[in-house]
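Coordinate analysis (summary)
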Amino acid sequence: MKIGILGGGQLGRMLIQSALKYDDEFYTLDPASDAPCHNISYFTQGNFNDYDTVLNFGKDKDVVTIEIEHVNADALAELEKQGIRVVPNANIVKTIQQKILQKEFYKTHDIPSPEFQIVWNKDEKIMMPLPFVQKMNTGGYDGKGVQVIRTEDDYQHIWEEASVIESLVDIDKELSVIVARNEKGETNTFPVTEMVADPKLNLLDFNVCPVLLTEDVQSQIEVITEKFLSAVNSPGLFAIELFLDKEGKVWVNETAPRLHNSGHQSQEGNTNSQFEQMYRVVKNLPLADTDAITYSGMLNLVGAEGYDGKVVYEGMEEVLKLPETYIHLYGKTETKPGRKMGHINVLADSREELMEKLVMVKGMVRVIAE
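What counts, and where the lines are drawn
- Residues numbered from 1 in each chain as written.
- Predicted model: local features only at pLDDT ≥ 70, side-chain atom pairs only at ≥ 80, totals over all residues.
- Heavy atoms only, no water.
- Phe/Tyr/Trp six-rings, centres within 6.5 Å; stacked < 30°, edge-to-face > 60°.
- Buried < 20%, exposed > 50% of the residue type's maximum accessible area, 1.4 Å probe, protein only.
- Lys NZ or Arg CZ within 6 Å of the ring centre and 35° of its normal.
- Pairing = 2+ DSSP bridges.
- Helix = DSSP H or I, 4+ residues; strand = E, 2+ residues; numbered from the N terminus.
- Axes fitted to C-alpha atoms, helices over the stretch in contact; angles between N-to-C directions.
- UniProt positions renumbered as here; feature names shortened; annotations may be inferred.
- 1 Å grid on protein atoms, 1.4 Å probe; cavity = no way out; pocket = protein on both sides within 12 Å on 5 of 7 lines; lining within 4 Å.
- Contact = heavy atoms within 4.5 Å.

1. Considering the packing of aromatic side chains
Counted under the stated rule, the structure contains 6 aromatic pairs. Between phenylalanine 105 and tyrosine 106, the aromatic rings sit 6.1 Å apart at their centres with planes inclined by 70°, giving edge-to-face as the arrangement. We note that phenylalanine 105, like tyrosine 106, is buried. Among the aromatic residues, ring-to-ring pairing joins Phe105, Tyr106, Phe228 and Phe238 into one connected group. Sitting over the face of the ring of tryptophan 251, lysine 249 holds its NZ or CZ atom 5.1 Å from the ring centroid.

What follows is the structure in structure tokens.
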């Protein structure tokens, strides 16, 4: 099968790596000539936001999927009209890539999400009490396009762009659940993971699985995933990011219609990874089982402050000596502060041991430049 992927980043790279044990041809489209997928796929350099580029890329493929949501959804819709399978479908990509539509989707389908107001420019009166969160309607990812407005003085920093203004949740834990659905309507859900963020970069720092949750919280998450999978009406793999507030209520923060950073520990920590599952969704095969094998965690390898240039991974040899520790690099040759360059997965027999190992490994490695 000819499988086209819009985006040639690390998510596409790991999907292809996982699927190389099967017999398919992978084609990728990315604006960067040295994108992580450029040397492991039939690679086209081009803009996945351009209508004609996406249409021309997809027209001879058996199926087209995405590894980034900021693509031309209108071109995906036209490909569907021409008989090309698109996973997930163009409609849900368009809904999720716009925060305004995404929030209205949750409201329409009674999926709990923080209270919100839509503003089209900075001159509109904001009715939401302080503090609140501003999320740009389009283009945000990895902590970009999101800011917290805490005081009257912060109003001067409000962006001009169309945005969602959202009430600030008093967060106890940030959680993620990755769900999958194939065209036959089969669904499966990975065990819930906890995301621990780097407060400075607003990037995922550690990801931990499984999470000890009360029966009530687990039940709330199950209801959310069932409602989402029923409402989405599309094959796909989706990462639903959740807030657990300090009163035990679960809220949907946002959803990614693709593979996700919060599922990386599944590569070694689960019976099958999110990448195996995504491949099966794209091919409309029976979904894989996703049970946790043991305690697993992931830490991101990001470019250190003050380093730009050809990447050097300091301390990697020592990490390679550790048991049940797995390095995944993304094939990026140039580093810069905060850029995701890879990740390390760790396995352990308990949560306490896992956290100790993650902290230890984080202290051993630095991503610097020559």
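2. Section: the sheet that holds strand 5 (residues 85-87)
Taking strand neighbours across the sheet as the criterion, the 5 strands line up as 3-2-1-4-5 in an open arrangement whose pairing is parallel. The open sheet has two free edges, formed respectively by strand 3 (42-45) and strand 5, since each of these has just one partner strand. Each adjacent strand pair in this sheet contributes to an overall mean axis angle of 20°, direction not counted. As judged from the 5 bridges shared by strand 1 (residues 2-6) and strand 2 (residues 25-30), these two strands associate in the parallel manner.

3. Considerations on the UniProt feature "binding site: ATP" (unreviewed entry) in the chain
Residues given the UniProt feature "binding site: ATP" (unreviewed entry) here are Lys99, Lys135, Glu166, Ser167, Leu168, Val169, Glu174, Asn253 and Glu254. Of the annotated positions named here, the second largest cavity is lined by Lys99, Lys135, Glu166, Asn253 and Glu254. Tracing the backbone shows lysine 99 in helix 5 (residues 99-108). Setting aside anything within four residues of it in sequence, one finds lysine 99 in contact with Lys135, Met136, Asn137, Gly140, Val164 and Glu254. Along the chain, lysine 135 falls in strand 7 (residues 132-136). Sequence-distant contacts of lysine 135, defined by excluding residues within four places in its chain, comprise Lys99, Gly145, Val146, Ser163, Val164, Glu166, Asn253 and Glu254.

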